[in-house]
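Observations on chain architecture
Okay, here's what each chain looks like letter by letter:
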Amino acid sequence: MSVSKTLLAAVLLAASSVSGQDVGDTFTVNCSPLTTQRRDPVLSFGSDTSDHVHAVVGGTAFKADLTNQDAINSRATTCDKEIDNSIYWVPTLYHINSDGRYELVTHKGTAVYYQNRACDYVAGRTVCPSFKTNFAAALPAGLRMISGNKDLRTFNQSDVSQRAVNHHCVGPNDQETNSLPVYHCDTIRAQVTFPPCWNGKDLDSADHKSHMAFTAYGDYNGGVCPQSHPKAVIQLFFEFHFDTAKYTDRNFVFAQGDKTGYGFHGDFVNGWKDQTRLGNAHRTCTGAQGVNAAGCSLNLGGPNGPGRASTQSLEHPAPAEQVGLNGPLTALPNNKIPTGSTPQRRSVSRAFAKDY
């Protein structure tokens, strides 16, 4: 090999090495609130009155009979990735006031983490290759799913799907618990992780869960997929931020009547407008600039780069139902009865978000 070719090979090798070092396993979609209402087009498709009230972010086409194509065709999104019209929602949070009325806790905003944490099933594989060289597939077009169980009021540490739900107390008493926090918090950050393993064929299922699975080796936040669900896809992790600073007690309840926090859950409808750009994001949104890097597949150029979170109007007005936006209610919508209680003993699956 000539000196010039040797030098070129060395330069290319060095560039490849630097690029690999700069690859991260996460990018974030940050969203302003879209709406608070009782529709749920995954669990109660076509109905204006699902089981409970939700905090919703993302594509403005949210409606009772929402399809994935409807989401893609949204006129706008409240999130900061312009090509993501996906819609994300969770049960909203209420405070039970001293007079017994239910006050809607302000939903401040949402962060959705897109994580390259899982790998495909391969016979004999128990550990994933490095995320710097192994990339989970884009969430398939048409996918919709739920993570969590609205009816849970107890916690089973051995159940991976239950470990995937937790709550971060933001403030002087900074901690995470699987239950609602046991201390006063400036913000309660309610969190749910979605399974990253797909059966490779179904975009939904009767329970909106069975087409997806958590890993066979690893934990709820990544690892090797099982043979039954062999295809690793980008893993979603929701953070919904609720402003609890003004409350001096911990008398909170999620909209489905859950005082424990164990029944927190999330819904997702895939509305990405460009699957190829999504699939390339972990490969290209690298270095200190991340999604703002010129070569990032999510960066469309122009003054907003990948996009900006913003307040947007719904294309389809919310049902004419009082959900707490105009003041405290005498009962939870749909007459949900609070059950369970916030545990006093701390039950934790992980310590702090930085360790996630």
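Presented here is a report on the structure given in the accompanying data block.

Reading the values: the criteria
Residues numbered from 1 in each chain as written. Predicted model: local features only at pLDDT ≥ 70, side-chain atom pairs only at ≥ 80, totals over all residues. Heavy atoms only, no water. Buried < 20%, exposed > 50% of the residue type's maximum accessible area, 1.4 Å probe, protein only. Helix = DSSP H or I, 4+ residues; strand = E, 2+ residues; numbered from the N terminus. Arc of directions from axis to C-beta. Pairing = 2+ DSSP bridges. Core = buried A, V, L, I, M, F, W, Y, C linked by side-chain atoms within 4.5 Å. Polar contact = N/O pair within 3.5 Å; in protein donor to acceptor, adjacent residues only side chain to side chain. Contact = heavy atoms within 4.5 Å. Disulfide = S-S within 2.5 Å. Salt bridge = Lys/Arg side-chain N within 4 Å of Asp/Glu carboxyl O. Phe/Tyr/Trp six-rings, centres within 6.5 Å; stacked < 30°, edge-to-face > 60°. Axes fitted to C-alpha atoms, helices over the stretch in contact; angles between N-to-C directions.

Notes on helix α4 (residues 275-284)
Each α-helix turn comprises 3.6 residues. Residues three or four places apart therefore point the same way. Within α4, the full set of buried residues consists of L278, G279, A281 and H282. Each buried residue of α4 sits inside an arc of 130 degrees when the element is viewed along its axis, so together they form one side.

Concerning the pairing of strand β18 (residues 235-243)
Counting buried residues along β18, 7 of its 9 residues qualify, which places the element largely inside the surrounding structure. The pairing of strand β7 (residues 107-115) with β18 spans 8 bridges and is classified as antiparallel. By the bridge assignment for β18, A111 is matched with E239. Pairing of strand β12 (residues 187-193) with β18 involves 7 bridges; the strand directions are antiparallel. Across the sheet, the residue bridging to A190 is F240, located in β18.

Observations regarding the nonpolar core
In this structure, Y88, Y114, F238 and F268 are the most contacted members of the largest nonpolar core, which totals 46 residues. It is β18 that provides the largest number of residues to this core, a total of 4 residues. Grouped together as the second largest cluster of nonpolar side chains are 11 residues, V56, A61, L66 and I146 included.

Focus: the side chain of H265
Its place among the elements puts H265 in strand β20 (residues 265-269). When its relative accessible area of 4% is taken as the criterion, H265 is described as buried. A polar contact of 3.2 Å, which involves the side chain of H265, links it to the side chain of H52. A polar contact of 2.9 Å, which involves the side chain of H265, links it to the backbone oxygen of G263. If we ignore the near neighbours within four places in the chain, the residues touching H265 are H52, W89, V90, P91, S147, G148, N149, K150, V192 and Q256.

Describing the state of the cysteines
Among covalent bonds in proteins, the disulfide is the one between the sulfur atoms of two cysteines. Inspection of the entire model under this criterion finds 5 disulfides. Two residues, C119 and C128, share a disulfide whose sulfurs are 2.1 Å apart. Residues C119 and C128 are joined through a disulfide that is left-handed, its torsion about the S-S bond being -85 degrees. Since its relative accessible area comes to 24%, C128 is described here as partly exposed. A disulfide bridge connects C285 with C296, and the sulfur atoms are separated by 1.9 Å. Looking down the S-S bond of the C285 and C296 bridge, the torsion is 60 degrees, so its handedness is right-handed. A residue pair is termed long-range when its members are at least 10 positions apart, and C285 in the segment after α4 and C296 in the segment after α4 qualify at 11 residues.

With respect to the pattern of salt bridges
Overall, the coordinates contain 17 salt bridges when judged by the stated rule. Among the ionic pairs, D48 bridges to R39, the shortest N-O distance being 2.6 Å. Among the residues examined, D48 registers a relative accessible area of 35% and is labelled partly exposed. A salt bridge links K63 to D70, with the shortest nitrogen-to-oxygen separation between them at 3.6 Å.

Things to note about the sheet that holds strand β16 (residues 222-224)
Ordered in space as β8-β16-β15, the 3 strands form an open sheet in which the pairing is mixed. Single-partner strands in this sheet number two, and they are β8 (118-119) and β15 (217-219). Direction of pairing for β8 relative to β16: parallel, over a ladder of 2 bridges. Considered in β16, the bridge of C119 is made with V224.

Some thoughts on the packing of aromatic side chains
Summed over all chains, the structure comprises 12 aromatic pairs. Look at F155 and Y262: their rings are 5.6 Å apart centre to centre, the planes differ by 20 degrees, and that puts the pair in the stacked class. Placement of F155 in the loop between β9 (144-148) and α3 (160-163) and of Y262 in the loop between β19 (252-254) and β20 is noted, with a sequence separation of 107 residues between them. A relative accessible area of 21% places F155 in the partly exposed class. Seen from their ring centres, F254 and F264 are 5.1 Å apart, and the 40 degrees between their planes marks the pair as tilted. Within this pair, whereas F254 is found in strand β19, its partner F264 is found in the loop between β19 and β20, the two being separated by 10 residues in sequence. Neither residue differs from the other here; F254 and F264 are each classed as buried. Three or more aromatic residues joined by ring pairs form one cluster here, namely Y88, F194, F238, F240 and F268.

Overview of the sheet that holds strand β1 (residues 26-31)
Spatially, 6 strands are ordered β1-β7-β18-β12-β10-β11 in an open sheet, and the strand pairing comes out antiparallel. The strands lining the two open edges of the sheet, one partner per strand, are β1 and β11 (175-177). Between one strand axis and the next, the sheet turns by 20 degrees as a mean value, whatever way the strands run. As judged from the 6 bridges shared by strand β10 (residues 165-170) and β12, these two strands associate in the antiparallel manner. Its bridge partner lying in β12, H168 is registered against R189. Across the sheet, α4 is in contact with β1 and β7; its angle to β1 comes to roughly 125 degrees.

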